[in-house]
Amino acid sequence: MKLAAYHHGDTVRTGIVVNDRLIDTGLASSMIDLIAHWPAMKDNLAAKAAAGGGVPLASVKLAAPIERPGKIWAIGLNYADHIAESKMETPQRQVWFTKAQTSINGPFDPIQIARGTATADYEVELVAVIGKRGKHIPAAQAADYVFGYCVGNDVTERMWQHAGPQWSLGKSFDTHAPIGPWLTTADEVGDPHALNLSCSVNGEPRQQSNTRHLVFNLWQQIEHLSTAMTLEPGDLIFTGTPGGVGAAMDPRQFLKPGDVVRCEVERLGHIEGTMVAEP
Ligand code: ZN
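These numbers were taken from a predicted model, which means no experiment stands behind them. In this convention, every chain numbers its residues from 1, walking through the sequence in written order. A pLDDT threshold of at least 70 governs which residues receive local features in this predicted model, and a stricter bar of 80 or more applies before side-chain atom pairs are shown or counted, although totals over entire chains, interfaces and linings include all residues. Hydrogens are left out, water is left out, and the side-chain values use all remaining heavy atoms of the structure.

**Let's talk about the overall build of the protein chain**
Then comes step 1: Helix numbers and strand numbers start at the N terminus; a helix is a DSSP run of H or I with at least 4 residues, a strand a run of E with at least 2. Along the protein chain, the regular secondary structure elements total 6 helices and 19 strands.
Then comes step 2: Taken against the 2.2 N^0.38 rule, which gives 19 Å for 279 residues, the C-alpha radius of gyration of the protein chain at 18 Å falls within 12% of a compact globule.
Then comes step 3: Each of the three principal axes of the protein chain carries a C-alpha extent, and together these read 55 × 45 × 30 Å.
Then comes step 4: In the protein chain, which comprises 279 residues, the proportion classed as buried is 54%.
Then comes step 5: By sequence separation, contacts in the protein chain at least 24 residues apart represent 75% of the contacts at least 6 residues apart.
Then comes step 6: Of the charged side chains in the protein chain, 23 are positive and 30 negative; the average position of the first set lies 2 Å away from that of the second. Throughout, radius of gyration means the C-alpha value; the globule benchmark is 2.2 Å times the number of residues raised to the power 0.38. Exposure categories follow from relative accessible area, calculated using a 1.4 Å probe and restricted to protein chains: below 20% of the type maximum is buried, above 50% is exposed, and the middle band is partly exposed. Contacts were defined at the residue level, with two residues in contact if any of their heavy atoms lie within 4.5 Å. None of His or the chain ends enter the tally, which takes Lys and Arg as positive and Asp and Glu as negative. A charged residue contributes its charge at one atom only: NZ of Lys, CZ of Arg, CG of Asp or CD of Glu.

Here it is in structure tokens:
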């Protein structure tokens, strides 16, 4: 199933995407509540999807499928080609940073270049959405804890990223975590380690890879993170970006106002945002 969040007047509602239509769930609950109660909800929603109706998907403005995730964790240096272009060593241990909740952005909303900065960069990533609470989750059971997936752009302010020993501030600017276009449940995605992903800027291909090239796969990532903390429904895991970022180009190419950044992951759809100066 594909679950979207969309703007309706002053509120955000949830809906089911069926081909080019959107069927409202009829529920007042947030996406995180829906995920947390999924076993009790899913038959009802599947029946709604099968009944059809709804409105054209193109007639609604989609919102970030999860507006305020409890946690956003992202792994660095997790594709061999990106490690090489970053002139780094392949890490022996997983390298993690957080992105602030407030960096979440809608799938087609403008992405801000913050005041006084000029080194905004893109990173297409497969994003996993946690489905149920868990601590000390073994890699062999990690798939049971994944609700679904979406496309993410781990937008990064490179000067701020490298201004200190850890990266979280440079990864946490407002609007720098666009996700969407909706959540696709894990059963519809199958193996998350066999998905093509790509990023283009103004139609020019920049990143092109497949999640089979992850250094640490998603199951290892969940095992590692849940050693430290309880993972909860709606938590997001950005699983790493492949080579081709602007900071590694010669000469370096950072995003400018008016640039259109499109990120796509096989089976999950695409997100697309126009860069704008922070108002
Ligand atoms: Zn990243």
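**Quick word on the nonpolar core**
Then comes step 1: Nine residue types can take part in a nonpolar core, namely buried Ala, Val, Leu, Ile, Met, Phe, Trp, Tyr and Cys, and a core is a set of them joined through side-chain atoms within 4.5 Å. Core analysis: the largest hydrophobic core is formed by 39 residues, its most contacted members being Tyr149, Ile222, Ile237 and Val261.
Then comes step 2: Only β6 (72-76), β9 (111-113), β11 (124-130), β12 (146-153), β15 (196-201), α6 (218-228), β18 (260-265) and β19 (269-277) provide two or more residues apiece to this core.
Then comes step 3: Counting residues per element, this core draws most heavily on β11, at 4 residues.
Then comes step 4: With residues up to four places along the chain from it excluded, the contact list for Ile222 reads Ile130, Ile137, Ala142, Val146, Leu231 and Ile237.

**Let's talk about the domain arrangement of the protein chain**
How big an interface is tends to be expressed through the accessible area that disappears when the partners come together.
Then comes step 1: The start and end points of each domain follow an automatic or database-based domain assignment. Taken domain by domain, the protein chain comprises domain 1 (2-63) and domain 2 (72-277).
Then comes step 2: With centres defined by C-alpha atoms, the gap from domain 1 to domain 2 works out at 25 Å.
Then comes step 3: Contacts between the two partners involve 13 residues from domain 1, matched on the other side by 16 residues from domain 2.
Then comes step 4: By buried area we mean the combined loss of accessible area, with a 1.4 Å probe, across both parts when two parts are placed together. Across the domain 1/domain 2 interface, buried area totals approximately 1200 Å², and carbon plus sulfur atoms make up 69% of it.

**Details of α6**
Then comes step 1: For α6, every residue scored as buried is listed here: Leu218, Gln221, Ile222, Leu225 and Ser226. The arc enclosing the buried residues of α6, seen along the axis, measures out at 115°, which places them on a common side.
Then comes step 2: Considering only its buried residues, α6 is in contact with β6, β7 (95-98), β11, β12 and β17 (236-238).
Then comes step 3: N or O atoms within 3.5 Å of each other form a polar contact, as long as, within protein, one can give a hydrogen and the other can take it, and as long as residues adjacent in sequence are counted only when both atoms are side-chain atoms. Between a side-chain oxygen at the N-terminus of α6 and the backbone nitrogen of Trp219 the separation is 2.9 Å; the capping residue is Asn217. To obtain the arc, one takes the directions from the helix axis to the C-beta atoms.

**Some thoughts on the state of the cysteines**
Then comes step 1: Working definition: a disulfide is two cysteine sulfur atoms within 2.5 Å of each other. If you walk through the whole model with that rule in mind, you get 0 disulfides.
Then comes step 2: In this model Cys199 remains outside any disulfide bridge; the closest cysteine sulfur is found in Cys263, 3.9 Å from its own.
Then comes step 3: A residue is classified by how much of its surface remains accessible, and Cys199, at 2% relative accessible area, is buried.
Then comes step 4: The class of Cys263 is buried, set by a relative accessible area of 1%.

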